[in-house]
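Below are the chains, spelled out letter by letter.
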Amino acid sequence: MSWEPYTPTSDQPWDSRRTVHLHRRTVFGACWAEIERDLEGDPQDAITRVLQGKNRLGGLRPNFESKSRLICNTALDTGSVDRLAAWWIFRCLHSPFPLEERLTLMWHNHFATGADKVGNLRLMYRQNEVFRKHSQSQFGALLTNMNEDPALLVWLDAPLNKAGRPNENLAREIMELFALGIGHYTEQDIQEAARALTGSTVKQLKYHFNQSAHDKGEKEILGERGHWTPQDLPQILLQREAASKRIAWRLVSEFFGEGVVSSELRDELAAGLRSNGLSIAWGVETILRSMLFFSDANIQSRVCDPVSFVISTIRSLELWENAPSTLAMAVWIKRMGQQLFQPPNVGGWSGGRAWLSTKSVITRSNFASVISEHVNAQTTAPTDQINSLRLLLGGGEVSTNARDANSEEINWLHELLANPNAFLH
Amino acid sequence: MINRRKLVQNSGIVSLAPFLPAFLHNSVQGDEKENAALRDEKKLLVVIQLTGGNDGLNTVIPYDNELYQRHRPSLGIPADRVLKINSQIGFHPSMRAAADLLESGRLSIVQGVGYPNPNRSHFESMAIWHHAHVDSRHHDGNGWLGRSFDYGTSVDGATDATVAVGDAQIPAAIRGRRAKAIALAALDDLKLMSAINAPKQNDYQGALASFVARTIQHSYQVSKDWEAEGTEGAAQYPATKLAGDLRLAAQLIKSGAGSRVYYASQPGYDTHAVQARTHGDLLREFSEALKAFLDDMQDSGLDDRVLVLAFSEFGRRVTENGSSGTDHGAAGPVFLAGKHIAAGCVGSHPSLVDLLDGDLKMSIDFRQIYASLLEQWLGIESKRVLSQVYTQLPILKA
């Protein structure tokens, strides 16, 4: 198994399971028409549609961008984090380019910044647009932008970092979390990097370099000596092999399940990133087109995040008109443990099995209950529709005893939406 | 739509089995069984934050000191109403439950707790207590308990290290750079809105899918037990907000949730005017909730694992103000409670003569308490969390 492009084999055919996998893992699920279309064609074409933002057939909105702007402006005017989250949910649900939203979410998790401490929602919004704009750029563009991002600077106390009174918060997280990873720097490097970053601050909601707070002395960072300024730090870090490995780690943890990718293969991906200018687009395309991505071991091998859980539910049921409001969805997602714009800490969401706590499982089940009541009020489901739904939701079983003894009480759709496979992707 | 409550209570689908300790739960197998058993031996810390600046002088009262009545002409509690602890100090009369805890050897009063150069801003002083740093440059949102669990002391990777109970947002004290903190508001969060079958494990093969199936089973079980307990009321709690929050913490502990820190807050202590009645009510709510919680732990056989810390961000001015209230002050008492606490008083009551700008002087740094809790109770190296070594106090029974 390797990064070779996926071609269907008798062992690993291009079947509905793999088609659904592509959509569930990368673009918040699918509606049935999208699966039917992809099944009939070549898998690489289906992947191309995902990469180019041409995969969606259902839920598209005319004038999507202007509607999005309107929702966003209202959210910013109210200053409500939930409303800004609702705006993002709207985009995830209706955008013609859902992979871009998936990657924006990945970068929000990578450069995890919390609205509470930042204290200004507009800064959170602007940061989010930077993530979106550079979601598939070279990683260097993202890192240099974040190095001057007002929300991130406030979040990590950059304004307190002054010559003679260093605050290491930003320097440490840039090295440990954003660019290199633990083990690729020393405490001394962090102190020196903090000195280089002195003077970076926020003024009138914009990046500002305060000359008088900057430590003009010589610094030695990762063996390189110079009178480094804030702008020099990302350049020093991006040259390191560790940076490519950090990005490879991030992409692998976003698109693969537990233990699917060996460390050798991850290093191979890192090497590829280095020869491609740390291009995120290259990394994402390599992953999505690979045998490894479509391997049995990778299918249904992750606990899906709450955003995916909620949106794939809505998309599989095609609840375009009668869905709960995106604000209600944002609140459900928050209660499931993923409050957008408010990650638990700078390390982002732990993800994986940690998505499932008693509280979040109950909340997922309750969301499924509300949705199933909603749907049952309007439609009855023929068997072929139930079977399509089962596939779209990862192939769960509806237990037979539900229908035997208590067919009136237990809602089959509730059970399907809340079954273990629907919690995975 | 069906009546959910009726269904939950009467249907065979949802059994009303009593709580099972996690390690006996039939869904737990193999090494997870060992994890659960190990987890069940871990010591837990429950924190109660008295938000707003508790008037310590009217909480633990130096009734025998004539200066006390002189400083508190309208708010002073007459000596005959004080619940005597010893010949000098006693509890506020509304703290009967606390006096009972002391009598049964489950309460310790650490006196004159504070920090150098007291800050009288609610926000700043609370940040100092949360971060365990007096220098605001260290106030980065990651508090002392969050930091304590940043470096892998949790047994089970899927477990929340710290839980805030109640509807307030997660306090900085329990946030860490890595530690997982969640907030849980009582009632709603653990209730299933409609009946559903737990997945059958045999239907789900593979490590991950069966993990998910087990987790769902376990969660539904916790929810059912929560509901059952809610109707039967095995444990007696007063009908107050704090008691409800502590009850939720108790429920989680009993369900084997695995978290090691539970954090509750009781707001309202910022008593600048006409405080007598308000303050008495707050202290009653606090004392009764604390006692109900500890009794519940005792009845559940969990009291060997639980210790409670109660603190406020500062005390109040010694001399009452012109509106029968008190203004922001400095040092105050901290309470430690539980079966293993060395009951009684630690330190002596602050002097009413030797004041600092009209406030009580500290004699014990709050970080000494943190260090003692970390080292003696939670088994965590305190220097790593607090950046330096603090002299510990003898907080546990010998």
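Caption draft 1: Structural context of the overall build of chain A. Looking only at helices and strands, chain A has 22 helices and 4 strands in total. The 425 residues of chain A split such that 60% are buried. Nonlocal contacts in chain A, meaning residues at least 24 apart in sequence, comprise 74% of its contacts between residues at least 6 apart. Carbon and sulfur atoms make up 48% of the accessible area of chain A, which totals about 15,500 Å².

Caption draft 2: Layout of the overall build of chain B. In terms of regular secondary structure, chain B is built from 11 helices and 12 strands. Across the 398 residues in chain B, those meeting the buried criterion constitute 58%. Pairs at least 24 residues apart make up 72% of the contacts formed inside chain B by residues separated by at least 6 positions. For chain B, the computed accessible surface area is about 15,600 Å², with 50% contributed by carbon and sulfur atoms.

Caption draft 3: Region of interest: the packing of helix α6 (residues 98-110) of chain A against helix α8 (residues 121-133) of chain A. Residues and elements named next belong to chain A. Viewed as axis vectors pointing N to C, α6 and α8 meet at an angle of 120 degrees, and their least axial separation amounts to 8 Å. With respect to each other, α6 and α8 are oriented oblique. As α6 runs across α8, the sense of the crossing is right-handed. On the side of α6, the interface is formed by Glu-100, Glu-101, Thr-104, Trp-107 and His-108, while α8 contributes Asn-128, Phe-131 and Arg-132. Of the residues contributing to the contact of α6 with α8, the split by class is 2 nonpolar, 3 polar and 3 charged.

Caption draft 4: Structural context of the pattern of salt bridges. Following the criterion strictly, the structure yields 38 salt bridges over all chains and no others. Residues Glu-129 of chain A and Arg-132 of chain A are paired through a salt bridge, measuring 3.0 Å at the closest nitrogen-oxygen approach. Of this pair, Glu-129 of chain A and Arg-132 of chain A are both found in helix α8, 3 residues apart, which corresponds to roughly one turn of the helix. One salt bridge connects Asp-245 of chain B with Lys-241 of chain B, and the closest N-O pair in it is separated by 2.7 Å. Residue Asp-245 of chain B and its partner Lys-241 of chain B are both found in helix α8 (residues 241-254); the two are separated by 4 residues, about one turn of the helix. For Asp-245 of chain B, a relative accessible area of 3% gives the class buried. Through salt bridges with shared partners, a single ionic network connects Glu-65, Arg-91, Glu-101, Glu-129 and Arg-132 of chain A.

Caption draft 5: Seen up close, helix α9 (residues 139-146) of chain A. Among all positions of α9 of chain A, only Phe-139, Gly-140, Leu-142, Leu-143 and Met-146 of chain A are buried. Along α9 of chain A, the residues classed as buried sweep out an arc of 160 degrees about the axis, all on the same side.

Caption draft 6: Broad picture of the sheet that holds strand β4 (residues 90-91) of chain B. All names here are of chain B. Spatially, 3 strands are ordered β2-β4-β3 in an open sheet, and the strand pairing comes out antiparallel. Here the strands that pair on one side only, and so sit at the sheet edges, are β2 (60-61) and β3 (83-84). As defined by bridge partners, β2 adjoins β4 across 2 bridges and the pair is classed as antiparallel. Looking across to β4, one finds that Val-60 is bridged to Phe-91.

Caption draft 7: Just unusual backbone geometry, in detail. Within the chain, Leu-278 of chain A stands out as a residue other than glycine whose phi angle is a positive 55 degrees. Positionally, Leu-278 of chain A belongs in the loop between α15 (263-275) and α16 (280-288). The class for Leu-278 of chain A is buried, based on a relative accessible area of 10%. At Ser-387 of chain B, a residue that is not glycine, the phi angle is positive and equals roughly 70 degrees. For Ser-387 of chain B, the position within the fold is in the segment after α11 (382-386). Judged by relative accessible area, Ser-387 of chain B falls into the partly exposed class, the value being 48%.

Caption draft 8: Representation of the pairing of strand β9 (residues 306-312) of chain B within the structure. Residues and elements named next belong to chain B. Across the 7 residues that make up β9, a large majority, 7, are buried. Residue alternation in β9 divides its side chains into two sets, Val-306, Val-308, Ala-310 and Ser-312 and Leu-307, Leu-309 and Phe-311, and both sets are buried. Examined bridge by bridge, strand β1 (residues 44-50) and β9 share 7 bridges and lie parallel to one another. Bridging across to β9, Val-47 finds its partner in Leu-309. One ladder, built from 3 bridges, connects β9 with strand β10 (residues 332-337); its direction is antiparallel. Looking at the pairing, Ala-310 lines up with Phe-335 of β10.

Quick notes on the rules
- Within each chain, residues carry numbers counting from 1 in the order of the written sequence.
- Chain labels run from A onward and ligand labels from 1 onward, assigned in the order the entries are written.
- It should be noted that, the model being predicted, local features are given only for residues of pLDDT at least 70 and side-chain atom pairs only at 80 or more, the latter also being counted only at that level, while totals for whole chains, interfaces and linings use all residues.
- No hydrogens and no water enter the side-chain calculation; it runs on all heavy atoms of the structure.
- In DSSP terms, a helix is any run of H or I states spanning at least four residues, a strand is any run of E spanning at least two, and both are numbered starting from the N terminus.
- For each residue, the accessible area found with a 1.4 Å probe, counting protein chains only, is set against the maximum for its type, and the residue is called buried under 20%, exposed over 50%, and partly exposed in between.
- Here, two residues are considered to be in contact whenever any of their heavy atoms come within 4.5 Å of each other.
- For every accessible area listed, the method is Shrake-Rupley and the probe measures 1.4 Å; residues are considered covered only by the protein chains on display.
- A fitted line through C-alpha atoms represents every axis, and for helices the fit uses only the stretch in contact; the resulting angles, taken between N-to-C directions, go from 0 to 180 degrees.
- Note that the term roughly parallel is reserved for angles under 35 degrees, roughly antiparallel for angles over 145, roughly perpendicular for angles of 65 to 115, and oblique for everything else.
- Crossing handedness follows the turn of the near helix against the far one: under a right angle anticlockwise gives a left-handed crossing, and clockwise gives a right-handed one.
- As a working rule, the residues Ala, Val, Leu, Ile, Met, Phe, Trp, Tyr, Cys and Pro are called nonpolar, Asp, Glu, Lys and Arg charged, and the rest polar, with Gly in that last group.
- Here a salt bridge means any side-chain nitrogen of Lys or Arg lying within 4 Å of a carboxyl oxygen belonging to Asp or Glu.
- The arc under discussion is defined with respect to the helix axis, by the directions toward the C-beta atoms.
- Pairing between two strands requires that DSSP report at least two bridges joining them.

Everything listed here is a matter of geometry and, on its own, says nothing about what the molecule does.
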